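Spelled out from the first residue to the last, the chains are:
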Amino acid sequence: MTEIISVRFRPGGKQYYFDPAGLTVPEGRSVIVETGKGLEYGTCVRRNSMVEDSAVVQPLRPVVRLATDKDEKQVRENRGREKEALQICQQLVERHGLDMKLVQVEYSFDGTKILFFFTSDGRVDFRALVKDLAGIFRARIELRQIGVRDEARMLGGFGICGKPFCCAQFLNEFQPVSIKMAKTQNLSLNPTKISGTCGRLMCCLKYEQGAYEDAVQRCPKADSFVECPDGVGTVSSVNLLREQVKVSLENADPTEQPKNYLTSEIRVVRNGKGKRPEGYTPPPKAELEKLRSPEAELARSGRKPDGPADLSAVLERYLGAEGPSSRQNDGQRQNQNQRRGRGHGGQGKPTQGQPRQQSAPQTQKQTQPKSAPQRDAQPGEAKASANRKRRYRPHHRRGKPGGGQPPQS
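Residues numbered from 1 in each chain as written. Predicted model: local features only at pLDDT ≥ 70, side-chain atom pairs only at ≥ 80, totals over all residues. Heavy atoms only, no water.

Student: Help me understand the sheet that holds strand S11 (residues 244-249), please; the structure alone is not making it clear to me.
Tutor: Two strands in a sheet stick together by hydrogen bonds in their backbones, pointing the same way (parallel) or opposite ways (antiparallel). Strand order in the open sheet formed by five strands is S12-S11-S10-S9-S13, with antiparallel pairing between adjacent strands. The sheet is open, and its two borders are formed by strand S12 (259-262) and strand S13 (267-270), each paired with just one other strand. Averaged over all adjacent pairs, the angle separating strand axes in this sheet is 45°, with direction ignored. Looking at chain direction, strand S9 (residues 225-228) and strand S10 (residues 231-239) are connected through four bridges and run antiparallel. Looking at S10, one finds that phenylalanine 225 is bridged to threonine 234. (Pairing = 2+ DSSP bridges. Helix = DSSP H or I, 4+ residues; strand = E, 2+ residues; numbered from the N terminus. Axes fitted to C-alpha atoms, helices over the stretch in contact; angles between N-to-C directions.)

Student: Teacher, can you tell me more about the pairing of strand S2 (residues 15-18) here?
Tutor: For a regular strand, the rule is simple: side chains alternate between the two faces of the sheet. When strand S1 (residues 2-8) meets S2, the two strands line up antiparallel, connected through four bridges. The residue of S2 that forms the bridge with isoleucine 5 is phenylalanine 18. Two successive antiparallel strands, S1 and S2, enclose a turn made up of six residues, where glycine 12 displays a positive phi of approximately 80°.

Student: Sorry, what's going on with the sheet that holds strand S7 (residues 113-119) here?
Tutor: The three strands are arranged S6-S7-S8 in an open sheet whose pairing can be described as mixed. The open sheet terminates on both sides in strands that have one partner only, identified here as strand S6 (101-107) and strand S8 (140-145). Taking each pair of neighbouring strands and ignoring which way they run, the sheet shows an average axis angle of 20°. Judged from the six bridges that link them, S7 and S8 form a sheet pairing that is parallel.

Student: For this particular structure, what's the right way to read the packing of aromatic side chains?
Tutor: Where two aromatic rings form a pair, the distance of their centres and the angle of their planes describe that pair. Scanning the entire structure with this criterion turns up four aromatic pairs. With 6.1 Å between their ring centres and 85° between their planes, phenylalanine 9 and phenylalanine 18 make a pair best called edge-to-face. Between phenylalanine 118 and phenylalanine 126, the aromatic rings sit 5.8 Å apart at their centres with planes inclined by 75°, giving edge-to-face as the arrangement. Under the relative-accessibility criterion, phenylalanine 118 is labelled buried at 0%. Site record: aromatic cluster; members linked through ring pairs are Phe9, Tyr16 and Phe18. (Phe/Tyr/Trp six-rings, centres within 6.5 Å; stacked < 30°, edge-to-face > 60°. Buried < 20%, exposed > 50% of the residue type's maximum accessible area, 1.4 Å probe, protein only.)

Student: Honestly, the environment of arginine 267 in this entry has me stumped. Any pointers?
Tutor: Position of arginine 267 relative to the elements: it lies in strand S13. The class for arginine 267 is partly exposed, based on a relative accessible area of 33%. For arginine 267 and glutamate 227, which are 40 residues apart along the polypeptide, the C-alpha to C-alpha distance reads 5.0 Å. Once residues within four sequence positions are removed from consideration, arginine 267 is found in contact with Phe225, Val226, Glu227, Pro283, Glu287, Leu288 and Leu291. (Contact = heavy atoms within 4.5 Å.)

Student: I tried to follow helix H6 (residues 209-218) on my own but got confused; where do I start?
Tutor: For an α-helix the count is 3.6 residues per turn, leaving residues at separations of three or four pointing the same way. Buried residues of H6: Gln209, Tyr212 and Ala215, and no others. Considered in projection along H6, the buried side chains sweep an arc of 125° and stay on one side of the axis. Turned more than 90 degrees from where H6 packs its buried face, Ala211 and Gln217 sit exposed. Contacts made by the buried residues of H6 are with helix H4 (179-184). (Arc of directions from axis to C-beta.)

Student: Is there a simple way to think about the pairing of S11 in this case?
Tutor: By the bridge criterion, six bridges tie S10 to S11 in an arrangement that is antiparallel. By the bridge assignment for S11, valine 238 is matched with valine 245. Here S10 folds back onto S11, and the loop between the two strands holds four residues, one of which, glutamate 243, carries a positive phi near 55°. Note that S11 and S12 share four bridges and pair antiparallel. Paired with valine 245 across the two strands is tyrosine 261, which belongs to S12.

Student: Which parts of the structure should I look at to understand the side chain of aspartate 71?
Tutor: Along the chain, aspartate 71 turns up in helix H1 (residues 69-96). For aspartate 71, a relative accessible area of 4% gives the class buried. Not counting chain neighbours up to four residues away, the residues in contact with aspartate 71 comprise Ile32, Arg65, Leu66 and Phe109.

Student: Looking at this model, I keep getting lost on helix H2 (residues 127-137). Mind explaining?
Tutor: Regarding H2, the residues found buried are Leu129, Leu133 and Phe137. The buried residues of H2 all sit within an arc of 45° when viewed along its axis, so they share a single face. With respect to the buried face of H2, the exposed residues turned more than 90 degrees away are Arg127 and Lys131. The first or second residue beyond H2 is arginine 138, which carries a positive phi of 55°.

Student: Would you take a moment to explain the nonpolar core for this structure?
Tutor: Across soluble globular proteins, you tend to see nonpolar side chains buried next to one another. Met100, Ile114, Phe116, Leu129, Leu133, Phe137 and Leu143 are the most contacted members of the largest nonpolar core, which has 18 residues in total. When residues of this core are traced back to their parent elements, those giving at least two are H1, S6, S7, H2 and S8. No other element matches H1, which puts four residues into this core. If near-sequence neighbours (up to four positions away) are discounted, isoleucine 114 is found in contact with Val105, Glu106, Tyr107, Phe137, Ala139, Arg140, Ile141 and Glu142. (Core = buried A, V, L, I, M, F, W, Y, C linked by side-chain atoms within 4.5 Å.)

Student: Which parts of the structure should I look at to understand unusual backbone geometry?
Tutor: Negative phi values dominate among residues other than glycine, just as trans dominates among peptide bonds. In this chain, glutamine 58 is followed by proline 59 through a cis amide linkage whose omega measures -5°. Mapped onto the elements of the fold, proline 59 is located in the loop between strand S4 (38-51) and strand S5 (63-66). Of note, the phi angle at arginine 138 is positive, near 55°, even though the residue is not glycine. Position of arginine 138 among the secondary structure elements: in the loop between H2 and S8. In this structure, aspartate 223 is a non-glycine residue whose phi angle is positive, near 65°. A relative accessible area of 30% places aspartate 223 in the partly exposed class.

So this is what it looks like as structure tokens:
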């Protein structure tokens, strides 16, 4: 095992291993490292860790020191010089009439070397340009031609998904992407829909390719001859993500739409295009019905597995005595008590000639604990309670003001 730290020299660039040389470098800290081009300024993207010896190319370059304030100031000055060098080089390119597009300029940490990145459709003879640049900047000049993907990584931007470019964030190396991946994933072959800003196929086509290849092995091909719960037929289309197929049944009405089945509900007789197997006899209907599964029916219809009965059972289990049924029974019992005795004292309906008993509001009885002793109401409280009751009683049930007797029928 070898102790290393991983350093990146520019955003979205490749990571390189270096020997920490006894230093503990936290992630995100700037460091000065020794490279084949001299001292360079970089950012630690992976702190001290151990890796296999086979993953390291010996000898490892050491970390010279952690970046100081003086180093940070020098880096900022180099960034300002890069903008000026880009403008000067662009003017010289136009003067020499070269077919090239400047992308980025990088100064070395000590300022002794300037690297110009450009794109071009073909080869460019820039020998005269290099001489002019060396005479102006008095430094070693290097021009490097890059591809459109590297240009997108350096410049950055946002893709059609609304997120920053993957190559400018976390992709260390470009993976090969082919049009076959788009065909496997049933994507539109329109170049404008499957190409990135760089004009090449989107790198994200590679991300899910393994999952699609695994699904292709479990799903039949289009135009396959299969057996399904409703009969035999031909697969008209395949949905790899849901692992569903549409089958056109032989004994179905020509105007009827193909039916959806899960791959677990079908048996493949012939995979892909071809002739129907000679001497093939469809199995009986009862045998085909065994292919149907309740889970597949629920998934196809869009219904949830738990019905109302199951939901009520769950509520009874978790709520217990406080469940809907117990609350409903309590409400029924309370209504019966109110019908019998108006909810107080168990007294029935007053007969003709008897005065109607005034009762306290029912909420007072409900909120009062059963175990608490009943106290005698004061005369003032009883009178106020009677007035409140009389105020909210319907007009046609209100007695005469003077007598207190109910109206005679």
